[in-house]
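Observations on chain architecture
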Amino acid sequence: MHDMKRRTLVLAAGVVVGGLWGAPAMAGPTPSMLSNTCAGCHGPQGVAPGPSIPTIAGMPYNFLKLMMTEYMKGDRPSTIMGRVAKGYSDVEIDAIAKHFAGLKWGVQGGASVKGKSVDPAKAEKGKALAKECEKCHEEGGKKQDEDTPRLAGQWLEYLQVKIDDYKTNEKYPQPKKMKSQMDKLSVEDLDAIAHYFAGQK
Amino acid sequence: MYNLTRRHFVKLTGGLAAAGLVSPMFPTLGRASQGKKHVVVVGGGYGGVIAAKYIRMADPSVTVTLIEKEKLYYSCPLSNPVIAGFRDMKVQRWGYENLAKHGINVQHDEVVEIDPVKRSVSTAKSASFSYDKLVVAPGVDFKWDAIEGYTEKASEKIPHGWKAGPQTLLLHEQLSAMKDGDPYIIVAPPMPFRCPPGPYERASLVAWYLKQHKPRSKVIILDAKDKFAKQPLFVGAWKELGYNIEWVPVNEGGKVTRVNADSMSVHTEMQEYKSSAINVIPPQKAGKIAHAAGLVDKTGWCPVNQKTFESTVHKDIYVIGDACIATAEIPKSGFAANSEAKIAAAAIVAAFKGEPEPDPSYVNTCYSLLSPDYGISVAAVWAFKDNAVAKVSGGVSPEKATPAFRKQEASYAESWYQSIMVEMFS
Ligand SMILES: Cc1cc2nc3c(=O)[nH]c(=O)nc-3n(C[C@H](O)[C@H](O)[C@H](O)COP(=O)(O)OP(=O)(O)OC[C@H]3O[C@@H](n4cnc5c(N)ncnc54)[C@H](O)[C@@H]3O)c2cc1C
């Protein structure tokens, strides 16, 4: 667990402006003006209808800020977030992270194409295999501490893509202890774990 | 608040009562916009619906009436896969019924006149609404006269498919029915037009279909331009995916001057092309009502204040989406219309409160599919600096990428679509 906090601390030292929790004195767009533009991809209020772009509402502030900053600096491989995140300053990223951390995690209905559905047999198998993961992703992936994202109920396809990235892409920044767990598990086992976490409510 | 005759008042109240909206909408008829403000939105597409929603979200004391001529909305984004046969039109179709939940009064009617002095609009069903602020988001209209012979009537035989719906299905039918060996002809318009990568996405997906079902056929794009959006990515992918696409730019004789719907042919200065499957995407201009209201300049589009999207012709009218002239770099896309709507909504609410114009943040994204498993994208972020729109970041997908990467972007394209549609219609 503390291993993760280190990742945040390194980041905090690197970010000089806007590192304070208090509202940074911002000229320019308000936090909601900035954050409303994300809805076009991440769904209204950051709650995504799927099938693959993740819900970001209610994720921990530190996690959101870390992701955005790594995308912005080009330290985290992505398909599109690198190009988006470079559009914001450190101060703006801080405000956006706070905005989404303050919203409520949820499930969004209304989509006209449904996401991949969870296979109960795989989820059952994954539950047993996820023990090591749950040291950090506690309570079936529901609990989110400072920098650990929620996995419970996240879009299955997104969890699968991320797990694959973490397992196979050496350039992917991640906690050392997570990588060592990923290394130990087979692709099939990890897929079962993805089904398990995606199926949690 | 409304300039309604007694007859229309009765008629409309009936409709509103049915929608459960009656009481707050007509406090006392005749009391001028004292305190309570009224915004009318013309056009319920990617721009208009979001403007209506965000005004209500930012200030629930504002009354919002959305006037949309159609009962159903068919999305253009992701309609090209319908043409290529791997998507059902049903998932492109959305209804306005949930907007009442957000306190938006939806009227299915066509606005035929805007009076910027009296600040009122009148409709085809001869209702009339007065406004404190008006949002105009009618999308595009076609310049039917620009290519000789390409009239609205001709488009029933040679479809444009640039407004989704029956036209999309017609293109699908023609593609399915054409003979193996015949060319599939796409006539691409000059800038500016709705969705700059759209014709090339369409060409790609048609070629994907032909490769499997009509391998002796090819796509010919006759273009009024000599370059196009995401060009290196498209051209690279056409090679990689083995698509048979011939692109004829304007400087090599690509400009189409005449169309004949009876003989199913199109003519450039050099050549005649014939096929049973032709798609003409005509040159475009701002939606008809924008012209009727005098909101356009000599380009045929509506000039606006780049910080608020208020018309520079008429006060208290905001033009967003395809119809407006955003900075040259911001394309006419659904995502841009959504972003502009949020900026205009914030500006309108601030103006009502007597607050300064809010600082905007503009974002655009366009995903294009080249096969069901091959997606590419463009994204950009702009800020308002030193009195102008300035690009902060952006770019297109990498030219070299793995099939897995392209497949992820294809999936994110679907996810983008669901997110932006759910934001509008849920
Ligand atoms: C094939 C194709 C693919 C596309 N793909 C993408 C994509 O992947 N991503 C993307 O971001 N964009 C895409 N676009 C572009 C996108 O469709 C438009 O940019 C977007 O629809 C613009 O929104 P708008 O609100 O300005 O107009 P529209 O969405 O067209 O809405 C205008 C509405 O106003 C109504 N209306 C017009 N006049 C009146 C009147 N007088 N009274 C009442 N109602 C009226 C119309 O019925 C319509 O519903 C694509 C377009 C095409 C053609």
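Let us look at the domain arrangement of chain B. Residues and elements named next belong to chain B. Domain annotation of chain B identifies domain 1 (16-69 + 109-139 + 287-366 + 384-391 + 415-425) and domain 2 (154-280). One C-alpha centre belongs to domain 1, the other to domain 2; they are set 34 Å apart. Each partner contributes residues to the interface: domain 1 has six residues there, and domain 2 has seven residues. When domain 1 packs against domain 2, close to 500 Å² is buried across both sides, 56% of that on carbon and sulfur atoms. The tally of links from domain 1 across to domain 2 stands at one salt bridge. Two residues, Arg194 and Asp322, come together in a salt bridge whose shortest N-O distance is 2.6 Å. Of the residues that constitute the side of domain 1 that touches domain 2, the class distribution is three nonpolar, one polar and two charged.

Residues and elements named next belong to chain B. The ligand sits among 37 residues. The nearest are Gly47, Glu68, Tyr73, Arg194 and Asp322. Residue Tyr73 places a side-chain N or O atom 2.5 Å away from an oxygen atom belonging to the ligand. Here a nitrogen atom of the ligand and a backbone polar atom of Val111 are 3.0 Å apart. Here the ligand has 1,000 Å² of accessible area as a free molecule, and 94% of this is covered by the chains.

In this model, chain B carries a mean pLDDT of 92, and residues with pLDDT of at least 70 account for 92%. Across the whole predicted complex the pTM is 0.93, and at the interface the ipTM reaches 0.91.

Our focus in this paragraph is the sheet that holds strand E6 (residues 111-115) of chain B. For sheets, the rule is that strands pair by backbone hydrogen bonds, running either parallel or antiparallel. Residue and element names in this part refer to chain B. Judged by pairing direction, the sheet is antiparallel, and its three strands sit side by side in the order E6-E7-E8 without closing on themselves. Bordering the open sheet on either side are E6 and strand E8 (128-130), each of which pairs with just one other strand. Between one strand axis and the next, the sheet turns through 20° on average, direction left out of account. Where strand E7 (residues 120-123) and E8 come together, three bridges link them in antiparallel fashion. Note that in E8 the partner of Val121 across the bridge is Phe129.

With 36 residues of chain A in contact, the opposing surface of chain B contributes 41 residues. Together chain A and chain B conceal approximately 3,000 Å² of surface at their shared face, both sides included; 62% is due to carbon and sulfur atoms. Summed over the three residues of chain A that lose the most area to chain B, namely Met33(A), Thr79(A) and Arg83(A), the buried surface amounts to 23% of that side. Remark: the boundary between chain A and chain B carries one salt bridge.

Residue and element names in this part refer to chain A. Assigned domains of chain A: these are domain 1 (41-101) and domain 2 (120-198). At the junction of the two partners, domain 1 supplies 18 residues and domain 2 supplies 16 residues. Buried area between domain 1 and domain 2, summed over both chains or domains, comes out near 1,400 Å², and the portion from carbon and sulfur atoms is 55%. The interface formed by domain 1 and domain 2 includes zero salt bridges. Linking domain 1 with domain 2 are five residue pairs in polar contact (both at pLDDT 80 or more). The residue inventory of the side of domain 1 that touches domain 2, partitioned by class, reads ten nonpolar, five polar and three charged.

Conventions we followed
Residues numbered from 1 in each chain as written. Chains lettered and ligands numbered in written order. Predicted model: local features only at pLDDT ≥ 70, side-chain atom pairs only at ≥ 80, totals over all residues. Heavy atoms only, no water. Domains from an automatic or database assignment. Contact = heavy atoms within 4.5 Å. Buried area = accessible area lost by both parts, 1.4 Å probe. Salt bridge = Lys/Arg side-chain N within 4 Å of Asp/Glu carboxyl O. Nonpolar A, V, L, I, M, F, W, Y, C, P; charged D, E, K, R; others polar. Near = heavy atom within 4 Å. Polar contact = N/O pair within 3.5 Å; in protein donor to acceptor, adjacent residues only side chain to side chain. Areas by Shrake-Rupley, 256 points an atom, 1.4 Å probe, with all protein chains shown as cover. pLDDT = per-residue confidence, 0-100. Pairing = 2+ DSSP bridges. Helix = DSSP H or I, 4+ residues; strand = E, 2+ residues; numbered from the N terminus. Axes fitted to C-alpha atoms, helices over the stretch in contact; angles between N-to-C directions.

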